[in-house]
Amino acid sequence: MKNNLQKTLLISALSSLFCGTLAHAEDARPDNEFSFNAAATSDYRYRGISQTRLQPALQGGVDYTHNPDGLYAGAWASTIKWIKDAGGSSDLELDLYAGKRGEIVKNISYDVGVLTYVYPSNGLAVNANTTEIYGQIGYGPGYAKYSHAVTNLFAYADSKNSGYLDLGANLDIDTGLVLNLHVGRQNVKSNPAATYTDWKVGATKEIWAVNWAIAIIGTNADRLTYASPVNAKFMGKTAVVVSISKIF
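Per chain, the residues get numbers from 1 upward, laid out in the order the sequence is written. Whole-chain, interface and lining totals are the exception, using all residues; otherwise, since this is a predicted model, local features are given only for residues with pLDDT of at least 70 and side-chain atom pairs are given and counted only at 80 or more. With hydrogens and water set aside, each side-chain value is computed from the structure's full complement of heavy atoms.

## As for the pairing of strand E13 (residues 210-219)
So, step 1. Here strand E12 (residues 196-207) runs beside E13; their pairing, made up of 10 bridges, is antiparallel. Bridging across to E13, Thr-204 finds its partner in Ala-213.
So, step 2. Counted between consecutive antiparallel strands, the loop separating E12 from E13 contains 2 residues, among which Trp-208 sits at a positive phi close to 55°.
So, step 3. Relative to strand E14 (residues 239-247), E13 runs antiparallel, the two being bridged by 7 bridges. Bridge assignment links Asn-211 to a residue of E14, and that residue is Ser-245. Pairing between two strands requires that DSSP report at least two bridges joining them. Secondary structure elements follow DSSP: runs of H or I no shorter than four residues count as helices, runs of E no shorter than two count as strands, and numbering proceeds from the N terminus.

Here's what the structure looks like:
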């Protein structure tokens, strides 16, 4: 009986050690990590405003993270329509960004960085290319983020030092189902008619290894300021937006 008990304890200890080693190996992440993403959306909304004249868009990007210290960099692109609609010549948005993220103390995270929006050869009277610096604090599922433009903002004249405040939360409400809540305030310096508030209520879920998202998005933006030059439709109208995405 004693020998059997000793064998049982030994097997249990070895099993625990082996399983613990496996779990640690599964949790371990490489120092240098790359990922790729691709998406399709029924309407590319940015800060509540359609970038594609209320029409679909294709999107994709690549990200690099140095896990030991939280440094990251990446590039992301989307098809757009608003530059050409405004008299320019670009149908692509390319975002280039870099920053650092981590934990300040337990359960309180931070993310700081710089992001440049590039509209190749956009040709607008005021260059649409925009650079922002940003900082975010997160607590549990909630976050607060502020982005500050160090250039003119998206082709608005004299709009340097515009700011965007983003408050939101991503709440796990069911197995794999996440509720996405957001409200934001875009201040456009020297252009008060372009200042507005936007909001979103949505949900995301992974099905068949693909991320599915649906959201109701709206704004209180000025209907004339944010009307399409092509058909006069309001680009900040309340609408349902559906998207699918995949991370590789």
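Next, the rest of the story.
## What to know about unusual backbone geometry
So, step 1. Positive phi, normally seen in glycine, also occurs at Arg-53, with a value near 55°.
So, step 2. Despite not being glycine, Ala-232 shows a phi value in the positive range, around 65°.

## Considering the confidence of the model for the protein chain
So, step 1. Summarising the model, the protein chain shows a mean pLDDT of 91, and 89% of its residues fall at 70 or more.
So, step 2. Within the model, the stretch residues 1-26 combines pLDDT values under 50 with 0 contacts to residues more than four positions away or in other chains. Confidence of the predictor at the level of single residues is captured by pLDDT, which takes values from 0 to 100. Residues are treated as being in contact if the distance between any of their heavy atoms lies within 4.5 Å.

## Concerning the sheet that holds E12
Note on sheets: strands pair through backbone hydrogen bonds, and any given pair is parallel or antiparallel.
So, step 1. Here 12 strands make up a closed barrel; going around it, the order is E1-E4-E5-E6-E7-E8-E9-E10-E11-E12-E13-E14 and the pairing antiparallel. Here the average twist between neighbouring strands, direction ignored, is 20°.
So, step 2. Pairing geometry for strand E5 (residues 71-79) and strand E6 (residues 92-105), over 9 bridges, is antiparallel. For Ala-75, the partnering residue across the bridge sits in E6 and is Leu-96. Only the contacting stretch of a helix is used when fitting its axis, a line to C-alpha atoms as for every element, and angles between N-to-C directions run 0 to 180 degrees.

## Overview of the environment of Val-201
So, step 1. Locating Val-201 in the fold gives a position in strand E12.
So, step 2. When its relative accessible area of 41% is taken as the criterion, Val-201 is described as partly exposed.
So, step 3. C-alpha of Val-201 to C-alpha of Asn-180: the two residues are 21 residues apart in sequence and 5.8 Å apart in space.
So, step 4. Leave out the neighbours within four places in its chain, and Val-201 touches Leu-179, Asn-180, Leu-181, Ala-215 and Ile-216. Summary of the burial criterion: residues with accessible area below 20% of their type's maximum are buried, those above 50% are exposed, and those between are partly exposed, where the area comes from a 1.4 Å probe applied to protein chains only.

## Observations concerning the pairing of E14
So, step 1. In this structure, strand E1 (residues 32-41) lies alongside E14, joined through 5 bridges in antiparallel fashion. Note on E14: the bridge partner recorded for Ala-38 is Lys-246.

## Describing the nonpolar core
So, step 1. We define a nonpolar core as any set of buried Ala, Val, Leu, Ile, Met, Phe, Trp, Tyr and Cys residues linked to one another through side-chain atoms lying within 4.5 Å. Trp-82, Ile-83, Tyr-119 and Tyr-226 are the most contacted members of the largest nonpolar core, which has 25 residues in total.
So, step 2. In contact with Trp-82, not counting residues within four places along its chain, are Gln-51, Tyr-119, Leu-124, Ala-128 and Phe-154.

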